[in-house]
Every structure is written in C-alpha cells, then in structure tokens.
Amino acid sequence: MKFFIFLSFVFLGVFHSVNAQDLPLKDGQLNYLKKGDYFYENKAFTKALKAYKKGFSKKNGDSLEYIIRLAEVNRQLHDFTTAEYFYSLVVDRNSSKETLYNYAEVLAANQKYDRAQAIISTLDDEPGIVADRKKGYNSVENYYSDSLAYSVGPVDFNSEKSDFFASTIADQLVFISSRGFKKNAFTLIDARDESNFLDLYICQPDTILPFIETNDALNQGPFHYIADTEELLITENYPQSVKNADRGKENTLMINRYIKNDNGWDQGDPLPFNNRNYSVAHPSYDQERQLLYFVSNKPGGKGGTDIYRSAYDGSDWSEPENLGEKINTAGDELFPFIDPTTNTLYFSSNGFGGLGGLDIYRIVLNSESETYNLGFPMNSSKDDFAF
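Residues numbered from 1 in each chain as written. Predicted model: local features only at pLDDT ≥ 70, side-chain atom pairs only at ≥ 80, totals over all residues. Heavy atoms only, no water.

**Student:** How would you summarise the packing of helix H6 (residues 113–120) against helix H7 (residues 129–138) if you had to cite specific residues and measurements?
**Tutor:** Contact geometry of H6 with H7 gives a least axis separation of 9 Å together with a crossing angle of 150°. Considered as vectors, H6 and H7 are oriented roughly antiparallel to each other. Considering only the axes of H6 and H7, their crossing is left-handed. Here H6 contributes Tyr 113, Ala 116, Gln 117 and Ile 120 to the contact with H7, which in turn contributes Val 130, Arg 133, Lys 134, Tyr 137 and Asn 138. Across the contact of H6 with H7, the residue classes break down as five nonpolar, two polar and two charged. (Axes fitted to C-alpha atoms, helices over the stretch in contact; angles between N-to-C directions. Helix = DSSP H or I, 4+ residues; strand = E, 2+ residues; numbered from the N terminus. Parallel < 35°, antiparallel > 145°, perpendicular 65-115°, else oblique. Left-handed = near helix turned anticlockwise from the far one by under 90°. Contact = heavy atoms within 4.5 Å. Nonpolar A, V, L, I, M, F, W, Y, C, P; charged D, E, K, R; others polar.)

**Student:** Could you give me a rundown of the pattern of salt bridges, with the residues and numbers involved?
**Tutor:** Across all of its chains, the model carries eight salt bridges by this definition. Residue Asp 37 is joined to Arg 69 by a salt bridge in which the shortest nitrogen-to-oxygen separation is 2.7 Å. Of this pair, Asp 37 sits in helix H1 (residues 32–41) while Arg 69 is found in helix H3 (residues 64–76), placing the two residues 32 residues apart along the sequence. Taking the shortest distance from any N to any O, the salt bridge between Arg 179 and Asp 163 comes out at 2.8 Å. Residue Arg 179 is found in the loop between strand S6 (172–177) and strand S7 (187–190), and its partner Asp 163 is found in strand S5 (residues 163–169); the two are separated by 16 residues along the sequence. (Salt bridge = Lys/Arg side-chain N within 4 Å of Asp/Glu carboxyl O.)

**Student:** Quick one: what's the story with the packing of aromatic side chains, residue by residue and with numbers?
**Tutor:** As enumerated under the stated definition, the model contains 26 aromatic pairs in all. Ring geometry for Tyr 285 against Trp 317: centres 6.2 Å apart, planes inclined by 70°, an arrangement best described as edge-to-face. With Tyr 285 in strand S15 (residues 280–286) and Trp 317 in the loop between strand S17 (306–311) and strand S18 (321–322), this pair connects stretches of sequence that are 32 residues apart. Residue classification places Trp 317 among the partly exposed residues on the basis of a relative accessible area of 22%. On the basis of an interplanar angle of 45° and a centroid distance of 5.0 Å, the ring pair of Phe 352 and Tyr 361 is categorised as tilted. Here Phe 352 and Tyr 361 have matching classes, each one buried. A cation sits over an aromatic face here: Arg 179 above Tyr 201, 5.8 Å from the ring centre. Positioned above the aromatic ring of Tyr 308 is the side chain of Lys 298, whose terminal nitrogen or guanidinium carbon lies 5.4 Å from the ring centre. (Phe/Tyr/Trp six-rings, centres within 6.5 Å; stacked < 30°, edge-to-face > 60°. Buried < 20%, exposed > 50% of the residue type's maximum accessible area, 1.4 Å probe, protein only. Lys NZ or Arg CZ within 6 Å of the ring centre and 35° of its normal.)

**Student:** Lay out the sheet that holds S6 with the relevant residues and their values.
**Tutor:** The antiparallel open sheet is built from four strands, whose spatial order is S5-S6-S9-S10. If you trace the sheet from one side to the other, it starts and ends with S5 and strand S10 (207–210), each paired once. Here the average twist between neighbouring strands, direction ignored, is 35°. In this structure, S6 lies alongside strand S9 (residues 199–204), joined through five bridges in antiparallel fashion. In the sheet register, Leu 173 faces S9, and the bridge partner there is Cys 203. (Pairing = 2+ DSSP bridges.)

**Student:** Can you lay out the sheet that holds strand S14 (residues 265–267) for me, pointing to particular residues and giving the numbers?
**Tutor:** Read from one edge to the other, the open sheet built from four strands follows the order S11-S12-S13-S14, with strand pairing classed as antiparallel. In this open sheet, the two edge strands, each paired with only one partner strand, are strand S11 (220–226) and S14. For this sheet, the mean angle separating the axes of adjacent strands, direction not counted, is 30°. Summarising the sheet, strand S12 (residues 231–237) and strand S13 (residues 253–260) pair through seven bridges and their orientation is antiparallel. Bridging from a neighbouring strand, Glu 231 pairs with Ile 259 of S13.

**Student:** Could you give me a rundown of unusual backbone geometry, with the residues and numbers involved?
**Tutor:** In this structure, the amide linkage connecting Gly 221 to the following residue, Pro 222, adopts the cis form with an omega of 0°. With respect to the element layout, Pro 222 can be found in strand S11. A positive phi angle is found at Glu 230, which is not glycine, with a value near 50°. By secondary structure assignment, the location of Glu 230 is in the loop between S11 and S12. Notably, Asn 343 is not glycine yet its phi reads approximately 55°, a positive angle. Position of Asn 343 among the secondary structure elements: in the loop between strand S19 (333–339) and strand S20 (344–349). Note on Asn 343: relative accessible area 8%, which makes it buried.

**Student:** Lay out the packing of helix H2 (residues 45–58) against H3 with the relevant residues and their values.
**Tutor:** If you want to describe how two helices pack, look at the angle between their axes and the distance between the axes. One way to put it is that H2 packs onto H3 with a least axis distance of 10 Å and a crossing angle of 155°. Classified by the interaxial angle, the pair formed by H2 and H3 is roughly antiparallel. With respect to the hand of their crossing, H2 and H3 are arranged in left-handed fashion. Judged by residue contacts, Phe 45, Ala 48, Leu 49, Tyr 52, Lys 53, Gly 55 and Phe 56 of H2 engage Tyr 66, Ile 67, Arg 69, Leu 70, Val 73, Asn 74 and Gln 76 from H3. Of the residues contributing to the contact of H2 with H3, the split by class is nine nonpolar, three polar and two charged.

Here's what the structure looks like:
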C-alpha cells in the first residue's frame, strides 16, 4: 500500500496528506484544471503535472490557463528546460510580477543570465529579493573570479536518488538520502515528486546501511553530532500517524536530541523552542561558545525561513535570536554550518544576488565583514546547499 504525502518546502520536509476523495468533479467527470490546481495547491506537483498535461492536450495546446500552470509546475519539479519553454509562450500574454520573476529564475537556472537580466529589469527596483537578483544577474562574472581555487566532483556512493549532507557521527560517515528504506508495512511516498522520504545512511567501505537507530516513519535530517557529549541533534517531522494525518494540515519539523548509549541511542529532552505551529530545523552547534544555530519559519522573521541562534548555559536555552538582515533576507536561508575555529557561518540562501537558486554564503560573525558568495564551482546555477 502506498501513502502519498507531500512536502511543503523541499528542504524543510513539512508535509500534508492528499486524498483523492477531495477532488473536484464537473458533471460527474474530473475537471483537469481544477484537479491539477488541487494537487498543485497541496504541493503534489507530479500529479498536478499529469492533470495539466491531459487538460492541455484537450485544448489543442493553446490555452493560457494551462500554459502558465505547466510553466509553474515544471519549475517546481526543477525541469527548467520545459518550464522555460512554457514561460516563453506566456510571458507576452501574462506579464504579472510573479510570472516575470519566476521566468527570470528559470532562465538563470539554465545559465541564460543576459535574458534573465532583461526580464527581471522590467520589474520595479524596490528593496528586497528582486533588487538583489538584479545585482546578481548583472555581475555573474564576479562569481567566477576564484573558479580555479577549488575542485568539485561527485563521490562514489551517490545514487540516482537525492543524496546530500554528508557528515560524521562517532567517526562514521553519515549522509541523507531518499534512496528508500522500508521501515514498516507501508510504503511512504512524497507526493511532491513521488520520491521516497529522507533518511540517514551510514557509508561503510563495501556497503551503505540505514542509520536505523533513530529512523522514524517520515523525514530525517539534517543533523549535528556533538562528539564530546555523544549527543545527536536531528531534524525530524513531528510524530503523527500517517493513516490518521489531517488532510490539508501541515506536519512541521522539530529538532530532536538523542544521547549515545552502549546499545544505540536514547531520546533526550526536546528543545524548548520546538513548536508544532512552525518548523525548527537544520541544527549546527558551536560547542566552544555553546551556541546552537538553526532555521525556522516562525512568525516575525525577515522572509520565508531565517537563521536563528540560542545560547546554552548548561541547563537552559536562551530565547532564539534572529541573526538579522545581514544574513536573513526576504527569501529563504537554510543549512547553517558554524566553523567554531574562525566563528564563520556558512549557509545557503536564495535571497541574495547569486548564480541562481540557492547559493552558499559565508560571513565571519561579530565582525564588520559582509556576507560573501563562495562563487563557482562551489555554487552553480542550480540549488547549492549543505556545506
């Protein structure tokens, strides 16, 4: 049996459930446009694409309402070549700010920066993500100035699924993957793109094994291992029965704490700033300064997801502090990593001018330094994250 669940944000792992009984009907038949919209609104993009394609074919390929939806859903599924094609058909017929901005983002993902700059330059030069993108597209060559300083290549344990965020837990290389691990009688599927949920895996010399000690039914990761105290902080979905999940309601993320024992891991006390009403995720701990960095979409932030930190005094955590506009933007900031030796914070963002999608940035905290884009080849025209 398969349960289809969708992610609200690809990197945050928030999910809703989707039920075919809720689909709209018209004269006893499914209305493909409304059916596609239902799935799209619920972030079930693969199913939305199938519905839109069926409806589009019946309209003989000339329906503005289907063209714009096919552009959007292919963008969500990261099929940027197809998305660009449909945006090119609609841009002269629908010039909304959202359409033009998304078209520019797709062009940048396809490394067509001149065209992206031409499209986005038609938008108002107001402060925020649009203004930052204009600067980025107009100065792409700056991001290639250190291109010979690094060499970037794939590792040999990659799969055809999503594999990312490799780090160590007790001297073992552990990473996050959607390659799939059947943990119970049900097959759990992310309805966003019909892939498996995210789990932790151990990379051993001759094999890849699931990190089964803490794997639950839904998403796991990113994580941070504190070697001195043998504690593991893991991003996980709030516990909830998949079969009984309320339709249309989000299952947000929390940071769970596990403590190493002789036989595996014991779950520790939850962090006090976890909250079912919003997500708290992506932990990175500076043990020297006893500061925990994480991301959240809690109310009152600068944009979609912001980076926060909380201080630990040995028994209590301080109220989380937003790191401010030097770091947080009107877009999304994700995957913080603190280097305690230099007090340098690395993170991903789509809110600064960059090469496209999420780029990796760094900033030396408690200094006069500005946020710095790591440039090519650390960054690309696609999403770059989990430094």
